[in-house]
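# Structural overview for review
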Amino acid sequence: MNEVIFAKDIMLEQDVKKYFEIMLESAIRSHMTITTIFLKCVHSTSSEVNHSNVNTQITDFLTENIRKTDLLFQLADGEHWGIIFLQSSDVEANAFLKRIFHLLKKDSTLESRVALKASITEIRNNQINFEILVEKNKALLADNNQQQWWIEQIEDYRLQSIELVKVSIIEQNAIFRKVLETTLNSMDIANFTFDVTAYEDGYSFLQSNTYQSGHLHLIIMNDILPRNNGLEILHSLRTMPNEKRFLIYMMSERNSEIAALNAYEGGVDEFIVKPFNLRLLEAKIKRTFARYWL
Amino acid sequence: MIDLSLDFLLSVIAILFIVLCGFMMYIFYQRQSEVRFKKSRDIYLKDYSQLWYEYLFNNEIFSVVLIPRGKPQVQAIEMIFSSYLKNITNDDMRWKMKNFSNQYLKTFYENDLMNKRWSIRMNALYRIADLQLDELLDACKKLETTKYSKEEFFQLLKIYSLFQPELFIQKIKVPNANYSESEYRRLFVLLEEDTFMRFFDEFTSWSMSIQFAVIDTAAAKKNMKYIEKLEQLLTNENDEIKIRALKGLFEIGVIENINPYIPFVTSHLWEVRLMVGKIFKYVPLSYSYPYLEQLLQDENWWVRSQAAKTIAEDRDGLEKLKEFISYSTDHYAVEMAQETIMRKQGTR
């Protein structure tokens, strides 16, 4: 009977399991992507290879090559290694694998018959738990006919859930307010849905209490408004707890550097001088939301 | 005592009553007309604002229902167009508005131009410029043959500058009224590049207000094409022109050659020396330091302050100022350098 051998100082499956869900929930809340890699030796069953040496050498090699933010662990069967990459997508994971495969191929200190295969899982939703993750990856790497340096990919968890974004338009001019409302309502941004409300002055916005919800909140407002102007609203929002959830776009007729500087120093995310191109506004909003997920 | 018969008094009361009733009816009628006008305008806005949006921005087919039938609807369209023009830039939108206005609003504004009321004529002139109603250019020229106000002529100049720049230059050469610098600036800012450049070519032939407005407009446009023209004005005899040209060059913020500015370091005018101190911000400190050091020891506080500020803005500026403090014997300059260092370190 083969004894399962673990390298010293490596986290084991049961240890990681406890933290995985916390990491996953925290990453999703911060709009971050988690990517995992599972690795398996291709010729690990060969009798000519010393399993103990291989395990230790691969573990040491992986420990040396991961970043400080990555988490390396070994599965209970002793044949698989897992790495959790926080804030990284499959692009980085693929690049990592290419790099380590290249290093392994030319590393003369490792046992000559050692070769790896890997599976990548990019995760952007919480419809997965650690058991399923391990099970699916093990199943994917179970085929003994897979070639050396083979890379598989699980794509079932890469789509993030649709997130509701509150959108508030604060503009005095009724016609332009309607234009902005129509434009924002017709915008199609992947993985986000907009709940648009329009206000004619600052006071009615502050009275509405919509800004007190915990949703991501995009605010498009004029700098000059009747009853509580834009700068007052900006100050109120930026002094609130969890103010990072507000994305504030300020529109202004003042095409001056001082006005823009004051607005940025006050905490706006975008300062847009009127008149502006609606397509440009759309592009800016799309870019803002594209930055939310790696 | 005046003796008035009862009949007479009753007759006066009856006449006054009839006049009052007539006046009340007139007010009532006017109010009703106003309400009807507003209602009709608001209905158009409510029903067709979305259609306008679809036509102007989403390339939907033009619908005949958008064609105005009467003044209230024209006013509704004016409100939509002016709101769009004030807030949105889009070439396609402008082109569609221009075509629509030339086709369907032309007659309304042509009539307005002939109206006896000044405010209606002025409104028409504003709309002709905003909506680029070039087909009404002849009607505008005809307005000049009547008695017109200074404000109307200003709007006419604006219209000529948009539709017939040649005529604009002719008209501005023989002004029927003198306008302020800011008014000229409002006209020049709309001009096409080539037309505006002509003001530099014939610079000396213009009145002082126009000359100042040309320089300030070039500064506001921040176009590098004007650098050469503004540098040429640095040799102008008029000190105000020199100061404004320097200010304009500072606003544009690109200095390719330091040599034209060096003579101004020793200018007899502190305003000129101040502007040079500002402009040297755009020159590497290795080139400008000897001159800035000279300005740091200037007799004028503002010049000293600006020179110190300009030096401090460079990456090696604070070191230079500390070095200057160590060897300078000019107490005022040393004091300014120390103050600037403290201020700079305080803002970090």
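Computed from a predicted structure; not experimentally measured.

The rules behind these values
Within every chain, residues take consecutive numbers counted from 1 along the sequence as written. Note on labels: chains are lettered from A, ligands numbered from 1, in written order. The predicted origin of the model limits local features to residues at a pLDDT of at least 70 and limits the giving and counting of side-chain atom pairs to 80 or more, whereas totals for whole chains, interfaces and linings rest on all residues. Hydrogen atoms and water are omitted, and side-chain values are computed over all heavy atoms in the structure. The split of the chain into domains comes from an automatic or database domain assignment. Throughout, a contact is declared for two residues whenever any of their heavy atoms are within 4.5 Å. Here the buried area means the combined drop in accessible surface, using a 1.4 Å probe, for two parts upon being joined, counting both sides. Salt bridge, as applied in this entry: a Lys or Arg side-chain nitrogen positioned within 4 Å of an Asp or Glu carboxyl oxygen. Polar contacts, as counted here, are pairs of nitrogen or oxygen atoms within 3.5 Å of one another; within protein the pair requires one atom able to donate a hydrogen and one able to accept it, and residues that are adjacent in sequence qualify only if both atoms are side-chain atoms. A run of DSSP states H or I qualifies as a helix once it reaches four residues; a run of E qualifies as a strand once it reaches two. Both are numbered from the N-terminal end. What makes two strands pair is DSSP finding at least two bridges between them. Think of each axis as a best-fit line through the C-alpha atoms, taken over the contacting stretch in the case of a helix, with angles from 0 to 180 degrees between the N-to-C directions. Angular relationships are summarised with four words: roughly parallel below 35 degrees, roughly antiparallel beyond 145, roughly perpendicular across 65 to 115, and oblique for the angles in between. Crossings are sorted by hand: turned counterclockwise from the far helix by less than a right angle, the near helix makes the crossing left-handed, and turned clockwise it makes it right-handed. By the convention adopted, Pro, Cys, Tyr, Trp, Phe, Met, Ile, Leu, Val and Ala count as nonpolar, Lys, Arg, Asp and Glu as charged, and the other residues, Gly among them, as polar. Buried residues of nine kinds, namely Ala, Val, Leu, Ile, Met, Phe, Trp, Tyr and Cys, make up a nonpolar core once their side-chain atoms join them within 4.5 Å. Three labels apply to residues, based on accessible area from a 1.4 Å probe with only protein chains included: buried if under 20% of the type maximum, exposed if over 50%, partly exposed otherwise in between. Aromatic contacts are taken between Phe, Tyr and Trp rings whose centres are within 6.5 Å, Trp giving its six-membered ring; a plane angle under 30 degrees counts as stacked, one over 60 as edge-to-face, and the others as tilted. A clockwise course of the path from the first strand over the helix to the second, judged with the strands pointing away from the viewer, identifies a crossover as right-handed.

## Focus: the domain arrangement of chain B
All names here are of chain B. With domains assigned, chain B is organised as domain 1 (76–177), domain 2 (180–253) and domain 3 (255–348). Taking the mean C-alpha position of each, domain 1 and domain 2 sit 26 Å from one another. With 12 residues of domain 1 at the contact, the number on the domain 2 side is 13 residues. Interface of domain 1 and domain 2: buried area, both sides summed, is about 1200 Å²; carbon and sulfur atoms make up 73% of it. Contact with domain 2 buries surface across domain 1, with F154, I169 and I172 losing the most and accounting together for 44% of the total. Put simply, E166 and R198 hold a salt bridge, and the shortest N to O gap is 2.4 Å. Our count for the domain 1 to domain 2 interface comes out at one residue pair in polar contact (both at pLDDT 80 or more). Mapped by element, the contributors of at least two residues to the side of domain 1 that touches domain 2 are α6 (150–163) and α7 (165–173). At six residues, the largest contribution of residues to the side of domain 1 that touches domain 2 is made by α7.

## Focus: the domain arrangement of chain A
What the domain assignment reports for chain A is domain 1 (11–154) and domain 2 (163–290). Computed from C-alpha atoms alone, the centre-to-centre distance between domain 1 of chain A and domain 2 of chain A is 43 Å.

## Re the sheet that holds strand β11 (residues 270–273) of chain A
Residues and elements named next belong to chain A. Spatial ordering of the open sheet is given by β8-β7-β9-β10-β11, a layout of five strands whose pairing is parallel. Two strands in the sheet have a free side with no partner beyond their single neighbour: β8 (192–199) and β11. With direction set aside, neighbouring strand axes in the sheet form an average angle of 20°. The pairing of strand β7 (residues 163–170) with strand β9 (residues 216–222) spans six bridges and is parallel. Looking across to β9, one finds that I169 is bridged to I220. Packed on one face of the sheet, helix α8 (residues 257–266) meets β10 (246–252) and β11 and runs near 155° to β11. Across the face of the sheet, helix α9 (residues 278–290) comes into contact with β7, β8, β9, β10 and β11 while running at roughly 160° to β10.

## Side note on the sheet that holds strand β1 (residues 11–12) of chain A
Residue and element names in this part refer to chain A. Read from one edge to the other, the open sheet built from six strands follows the order β1-β3-β4-β2-β5-β6, with strand pairing classed as mixed. In the strand order of this sheet, the two ends are held by β1 and β6 (151–154), each with one partner. Examined bridge by bridge, strand β3 (residues 70–74) and strand β4 (residues 80–86) share five bridges and lie antiparallel to one another. Among the inter-strand pairings, D70 is bridged to a residue of β4, identified as F85. Where helix α3 (residues 90–106) meets the sheet, its contacts fall on β2 (34–41), β4, β5 (116–123) and β6, and the angle it forms with β5 comes to roughly 165°.

## Thoughts on the packing of α6 of chain B against helix α8 (residues 181–188) of chain B
All names here are of chain B. Where α6 meets α8, the axes come as close as 9 Å, and the angle between the chain directions of the two elements is 30°. Relative to α8, the element α6 is oriented roughly parallel. For the element pair α6 and α8, the recorded crossing hand is right-handed. Of the residues in α8, those touching α6 at F154, L157, K158 and S161 are E183, R186 and L187. Its residues placed into classes, the contact of α6 with α8 shows three nonpolar, one polar and three charged.

## Describing the interface of chain B and chain A
Facing 15 residues of chain B, the contacting portion of chain A comprises 15 residues. Interface of chain B and chain A: buried area, both sides summed, is about 1300 Å²; carbon and sulfur atoms make up 55% of it. Looking at the side of chain B facing chain A, the largest losses of area belong to Y53, N87 and T89 of chain B, adding up to 41% of the total buried there. We note a salt bridge from K222 of chain B to E257 of chain A, for which the minimum N-O separation is 3.4 Å. Counting residues per element, the side of chain B that touches chain A draws most heavily on helix α2 (residues 71–87) of chain B, at seven residues.

## As for the nonpolar core
Ranked by internal contacts, the top residues of the largest apolar core, which has 151 residues, are F194, L218, I285 and F289 of chain A together with Y84 and F188 of chain B. Look past the residues within four positions of F188 of chain B in its chain and what remains in contact with it is F168, I172, F196, F199, I210, A213, V214, T217 and K221 of chain B. Judged by nonpolar contacts, the second largest core, of 26 residues, contains I10, L39, V42 and L62 of chain A.

## Some points on α7 of chain B
All of the buried residues in α7 of chain B are L167, F168, I169 and I172 of chain B. Summarising the contacts, the buried residues of α7 of chain B are in contact with α5 (137–143), α6, α8, α9 (193–201) and α10 (208–221) of chain B.

## Some details on the packing of aromatic side chains
This structure, assessed with the given rule, holds 38 aromatic pairs over all chains. Taking 6.0 Å as the distance between ring centres and 70° as the angle between the ring planes, the aromatic pair formed by F176 of chain A and F276 of chain A counts as edge-to-face. In this pair, F176 of chain A is assigned in helix α5 (residues 174–186) and F276 of chain A in the loop between β11 and α9, connecting sequence segments 100 residues apart. By relative accessible area, F176 of chain A is classed as buried at 0%. By relative accessible area, which is 3% here, F276 of chain A ends up buried. Relative to F100 of chain B, the ring of W52 of chain B has its centre 4.8 Å away and its plane inclined at 90°; by these criteria the two rings are edge-to-face. Here W52 of chain B is found in helix α1 (residues 6–57), whereas its partner F100 of chain B is found in helix α3 (residues 91–113), with 48 residues between them in sequence. Given a relative accessible area of 3%, F100 of chain B falls into the buried group. Of the aromatic side chains, those joined through ring pairs into one cluster are F154, F168, Y179, Y184, F188, F196, F199, F200, F203, W206 and Y226 of chain B.

## Details of the pairing of β8 of chain A
All names here are of chain A. Of the strand pairs in this sheet, β7 and β8 are connected by eight bridges, and their pairing is parallel. Pairing of K166 across the sheet is with D195, part of β8. Between the parallel elements β7 and β8, the chain passes through α5 in a crossover that is right-handed.

## Topic: unusual backbone geometry
Trans is the prevailing form of peptide bonds, just as negative phi is the prevailing case for residues other than glycine. All names here are of chain A. A cis amide bond links K274 with the next residue in sequence, P275, at an omega value of -5°. Its place among the elements puts P275 in the loop between β11 and α9. Within the chain, N209 stands out as a residue other than glycine whose phi angle is a positive 65°.

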